[in-house]
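Listed below, chain by chain, are the residues.
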There are 2 protein chains.
Amino acid sequence: MYKFVSLRHVLLVSLAINVGLLWRFTNEGNGSDANVRRKTNVIRSSSFTTGLISVDEVQPQEFISLQVGDPTMYTRFWREMGNKTTVVLSGDQHLSYISNVKNLCWFLEPKLESAITRLHQLVGNAVVDDRHIVVGTGSSQLYHAALYALSSLDASEPMSVVAAAPYYSSYPSMTDLLKSGLHKWDGDAHKFNKTKPYIEVVTSPNNPDGFIRKPVVNHENGRVVHDLAYYWPQYTPISSPVDHELVMFTVSKATGHAGMRIGWALVKDEEVAKKMVKYIELNSIGVSKDSQLRATKILQAVIDSYDHTSIPEEGETLFEFGFNLMAERWKKLRTVVKQNPIFSLPNYSPGLCSFSGRTFEPQPAFAWLKCEGQIEDCESFLRSHKILTRGGEKFGVSTKHVRISMVDEDNTFDLFAERLSTIRQ
Amino acid sequence: MYKFVSLRHVLLVSLAINVGLLWRFTNEGNGSDANVRRKTNVIRSSSFTTGLISVDEVQPQEFISLQVGDPTMYTRFWREMGNKTTVVLSGDQHLSYISNVKNLCWFLEPKLESAITRLHQLVGNAVVDDRHIVVGTGSSQLYHAALYALSSLDASEPMSVVAAAPYYSSYPSMTDLLKSGLHKWDGDAHKFNKTKPYIEVVTSPNNPDGFIRKPVVNHENGRVVHDLAYYWPQYTPISSPVDHELVMFTVSKATGHAGMRIGWALVKDEEVAKKMVKYIELNSIGVSKDSQLRATKILQAVIDSYDHTSIPEEGETLFEFGFNLMAERWKKLRTVVKQNPIFSLPNYSPGLCSFSGRTFEPQPAFAWLKCEGQIEDCESFLRSHKILTRGGEKFGVSTKHVRISMVDEDNTFDLFAERLSTIRQ
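A quick note: this is a predicted structure, and the numbers were derived from the prediction, not measured.

## Quick look at helix α10 (residues 318–338) of chain A
Right, on to step 1. The end-to-end C-alpha separation of α10 of chain A is 30 Å, in line with the 30 Å expected for 21 residues at 1.5 Å each.
Right, on to step 2. What α10 of chain A keeps buried is the set L318, F319, F321, G322, F323, L325, M326, R329, W330, L333, V336 and V337 of chain A.

So, in structure tokens, the structure goes:
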């Protein structure tokens, strides 16, 4: 039962690409924000690529927003872990800029480096031997650092940056944010036919559509950045440890801690790693040590939970929790979509996951929904049914598609599935 | 007594502008790094603007480095505060990207916003009414955000960015990091005579020389960014609350917590604030919430310590601690320099501090030392005496000057003063 009696906040917010407008509705008489969050009456509504828009000017109240991949579904898991992952930071910690002067990445906390290495060894999703680990303020900062590092600093014209459509909707604006002379967005990699040096960004599993990807250009003068934010066993079968020149991960999608802003890159070439470090030095003089220590504790807890040969006493392990919840949500969504001819979803081939031993179909963090038939603008169509999504044109493809977050809180997802099931053309 | 018996680490690190090479020497047989830090046998040696250099290839052991403004002198104060500023973060905190959807700066934690406001009201160093607060990953990220926000996005050529020499050594390379089409470094503001739009960066008190500054260009088509990292009562008399278009502060120099990477801007114009928020969204999707909460606790403790009408029971207040330590160090340094005709220091006029009620001469976070007579390259001269500093040419002026950190640990400063006193030409 979802009732929306009082509008608690009329909320304004500019959320340029990855984060949008957000409304919050609560039951009448609910207490603090913390209480509200723990109940089932919070609805997120996030939207719009730029600008500050007054919610009540644009939309009535009962919108559900699934535009942003805000990974709040993991809150329940971490709450159930109790104080196992509590971090205590005293006032005299972290006065120095420096974490580890012995490391090329001097602002990387040694314990985080060790946790990242052990996590990849446990999951088997990336080769870590002989790699330089570069920590970033989320993988967004690492994306900028990677473009800087792979660009030629003395080239006469900016290097082309491409990705196969549909590509992550923020890449174009991130790439061209400062109208850099080093690099510029050059669109869909499928259409790239220049012979000059370029950078191809490969997101795998892909955001928005969840497919496993490889580079598509494959010229000899290309460099490749692999964004592997979603290459974790709750979303897709782990087939083998990736072994590429430059790969990026983030806690945001691995453990759900998006508010920490911690990502990392695994980099083969020392010169590339040095340039990435230089970018981060000049952009923000390193990365929050507080969040690095929290991320360490969180990753360590994930690793430790798999050290037990017996079933853990309390709750599931992170990847089991994530896998089961994603499986349940995808089952529910596919059931709804199957019964509604207006919509369709991609079909994925099952694969064997070397981590879990399971064979399963990918269950991505986003649903890439298509409106069938006469509906040309799927985002507008769903908005008219009070579901806010992100339209395909932002990902370089047709407006018949939308991207929908599958990692929001339970009540938001449940309400979305319920509402979708009632839509008729 | 300083003895250096064993080289503990041969350290490599690339520290592009603000952070350099660092050696650590410890007494034989000392324990963990933590123990080492608490004893008096740690010497910092940081240097070099780019590149990875093996320490033992370049320098022998007993170098003292004061090139970086690593504010570790504050560690003692915060240690003595004990658990008053301890922060406990549970595993289920900070899963969302979003801090406060009601705020233009949606990634700013509301409690931090409140603490920043109260701190400025207490100290009286900046007008906070009717300002937008934008939080950043240190003031470095805010500098980039400010340039982005004040540039014209559709101009035919990049906007000139200038600062009066001597200027902060990182501004040129930060400004030109991505060879932006929006802005480019155009050198000393004193020499700027173009009539086109420009941005002037005013650092006050100035880094490196500690003087209070005003804009020098003053054309009608100029925009001004005020970097007020050092406008705190331990360094300079607070004359009045600044009331400018865009001012930036950072915890790094206010409380010493450089490893947190938390800075903030106070911005008059809503459109400028929105563009800064957009830059930070696209650069790193916000700012670590963990560090924002720690910064809140730290600022709150500073504020609370001044709420008591009686003398605080334990230790001094932050600004008293900082004031007294800076006063002591400057007294010591001036005594040494007075007795040594090779060197000179700037003379500052005393001023009344509205915060403390004291009249005192500025006692900056950096000493701007000049080598007199025939010594043309002061940095090299001091390096030959095993003192590592940053030479004037990096600040856009003569090599007869060097910048020396006054905010390092006690033993490092003491050793530096001792060594300086023994230098003869």
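What follows continues from the structure just given.
## As for the pairing of strand β18 (residues 401–405) of chain A
All names here are of chain A.
Right, on to step 1. Within β18, five of the five residues are buried, which leaves it mostly tucked inside the rest of the structure.
Right, on to step 2. Neither face of β18 is open: one carries H401, R403 and S405, the other V402 and I404, and all of them are buried.
Right, on to step 3. Bridging between strand β15 (residues 366–371) and β18 involves five bridges; their strand directions are antiparallel. Residue pairing for β18: L369 is matched across the bridge by V402.

## Details of the pattern of salt bridges
Pairing between side chains becomes possible if they bear opposite charge and their charged atoms approach one another.
Right, on to step 1. Across all of its chains, the model carries 36 salt bridges over all chains by this definition.
Right, on to step 2. R79 of chain A is paired through a salt bridge with D92 of chain B; the nearest N and O atoms lie 3.6 Å apart. Note that R79 of chain A is positioned in helix α3 (residues 75–80) and D92 of chain B in the loop between β4 (87–89) and α4 (110–123), a pairing that runs across two chains.
Right, on to step 3. Among the salt bridges present, the one from R358 of chain A reaches E320 of chain A, with a minimum N-O distance of 2.8 Å. You can see R358 of chain A sitting in the loop between β13 (351–352) and β14 (359–360) and its partner E320 of chain A sitting in helix α10, a full 38 residues away along the chain.
Right, on to step 4. When its relative accessible area of 26% is taken as the criterion, E320 of chain A is described as partly exposed.
Right, on to step 5. Residues participating in the shared-partner salt-bridge network are E379, R383, E393 and K394 of chain A.

## A closer look at the packing of aromatic side chains
All names here are of chain A.
Right, on to step 1. Under the criterion given, the structure shown has 46 aromatic pairs over all chains.
Right, on to step 2. Plain terms: the ring middles of Y148 and Y279 are 5.9 Å apart, the flat faces sit at 45° to each other, and that makes the pair tilted. Of this pair, Y148 sits in helix α5 (residues 138–150) while Y279 sits in helix α8 (residues 270–284), and the two are 131 residues apart along the sequence. Per residue, the accessibility class of Y148 equals that of Y279, and both read buried.
Right, on to step 3. Where Y306 meets F355, the ring centres are 5.3 Å apart and the plane angle is 65°; that geometry is what we call edge-to-face. Taken together, the residues span a long stretch of sequence, with Y306 in the loop between α9 (289–305) and α10 and F355 in the loop between β13 and β14 at a distance of 49 residues.
Right, on to step 4. Directly above the aromatic system of F366 lies the positively charged group of R403, at a separation of 3.6 Å from the ring centroid.

## A few points about the nonpolar core
Right, on to step 1. With 244 residues, the main nonpolar core has M276 and L420 of chain A together with M276, L382 and L420 of chain B as its most contacted residues.
Right, on to step 2. Apart from residues no more than four positions distant in its own chain, L420 of chain B is found in contact with L333, V336, V337, N340, F343, L369, L382 and I387 of chain B.

## Things to note about the sheet that holds strand β17 (residues 390–391) of chain B
Residue and element names in this part refer to chain B.
Right, on to step 1. Taken in spatial order, the four strands make up an open sheet running β12-β15-β18-β17, and their pairing is antiparallel. With one partner strand each, in any of the chains shown, β12 (343–344) and β17 form the two edges of the open sheet.
Right, on to step 2. Relative to strand β18 (residues 401–405), β17 runs antiparallel, the two being bridged by two bridges. Within β18, the residue paired with G391 across the bridge is V402.
Right, on to step 3. The sheet contacts of helix α10 (residues 318–338) involve β12 and β15 (366–371), and relative to β15 the element is tilted by about 5°.

## Some words on the interface of chain B and chain A
Right, on to step 1. Contact with chain B, which involves 88 residues of that partner, is made by 88 residues of chain A.
Right, on to step 2. Summing both sides of the interface, chain B and chain A together bury roughly 7100 Å²; the carbon and sulfur share of this comes to 61%.
Right, on to step 3. Where chain B touches chain A, the interface holds 49 residue pairs in polar contact (both at pLDDT 80 or more).
Right, on to step 4. Those elements giving two or more residues to the side of chain B that touches chain A turn out to be α1 (33–38), α3 (75–80), β4, α5 (138–150), α6 (171–175), α7 (251–254), α8 (270–284) and α9 (289–305) of chain B.
Right, on to step 5. Among the elements that take part in the side of chain B that touches chain A, α8 of chain B stands out by supplying nine residues, more than any other.
Right, on to step 6. A class-by-class count of the residues in the side of chain B that touches chain A yields 37 nonpolar, 33 polar and 18 charged.
Right, on to step 7. In terms of strand pairing, strand β4 (residues 87–89) of chain A meets β4 of chain B through three bridges, oriented antiparallel. Looking at the pairing, L89 of chain A lines up with V87 of chain B of β4 of chain B.

## Description of the sheet that holds strand β11 (residues 262–267) of chain B
All names here are of chain B.
Right, on to step 1. Taking strand neighbours across the sheet as the criterion, the seven strands line up as β5-β11-β10-β9-β8-β6-β7 in an open arrangement whose pairing is mixed. Each edge of the sheet is formed by a strand with only one pairing partner; in this case those strands are β5 (132–137) and β7 (183–188). Across this sheet, the average inter-strand angle for adjacent strands is 25°, counted without regard to direction.
Right, on to step 2. Across six bridges, β5 lies against β11 in antiparallel orientation. Among the inter-strand pairings, I133 is bridged to a residue of β11, identified as L266.
Right, on to step 3. Sheet strands in contact with α8 are β5, β9 (222–227), β10 (246–250) and β11, and its direction is about 20° off that of β5.

Analysis parameters
Each chain has its residues counted from 1, running along the sequence as written. Here chains are named by letter from A upward and ligands by number from 1 upward, in the order in which they appear as written. Given that this is a predicted model, residues contribute local features only at a pLDDT of at least 70 and side-chain atom pairs are listed and counted only at 80 or more, while totals for whole chains, interfaces and linings are drawn from all residues. In computing side-chain values, all of the structure's heavy atoms are included and hydrogens and water are not. Helix and strand assignments come from DSSP, with helices taken as H or I runs of at least 4 residues and strands as E runs of at least 2, each series counted from the N terminus. Helix span, expected: 1.5 Å multiplied by one less than the number of residues in the helix. Burial here depends on accessible area, computed with a 1.4 Å probe over protein chains only, as a share of the maximum for the residue type. Under 20% is buried, over 50% is exposed, and the range in between is partly exposed. Only when DSSP finds a minimum of two bridges between them are two strands counted as paired. Only one rule defines a salt bridge in this text: a Lys or Arg side-chain nitrogen within 4 Å of an Asp or Glu carboxyl oxygen. Aromatic pairing here means that ring centres of Phe, Tyr or Trp (its six-membered ring) are within 6.5 Å. Orientation follows from the plane angle: under 30 degrees is stacked, over 60 is edge-to-face, and everything else is tilted. Charge over a ring is defined by NZ of Lys or CZ of Arg lying within 6 Å of the ring centre and within 35 degrees of the ring normal. Here, nonpolar core refers to any group of buried Ala, Val, Leu, Ile, Met, Phe, Trp, Tyr and Cys residues whose side-chain atoms link them within 4.5 Å. Every residue pair with non-hydrogen atoms within 4.5 Å of one another is taken to be in contact. Axis definition: a line fit to C-alpha positions, over the contact stretch in the case of helices; interaxial angles, taken between N-to-C directions, run 0 to 180 degrees. Throughout, the accessible surface (probe 1.4 Å) given up by two parts as they are put together, summed over both, is called the buried area. Here a polar contact means two N or O atoms within 3.5 Å. Within protein one must be a hydrogen donor candidate and the other an acceptor candidate, and residues neighboring in sequence count only if both atoms are side-chain atoms. Polarity classes work like this: nonpolar for Ala, Val, Leu, Ile, Met, Phe, Trp, Tyr, Cys and Pro, charged for Asp, Glu, Lys and Arg, and polar for all others, with Gly in that last group.

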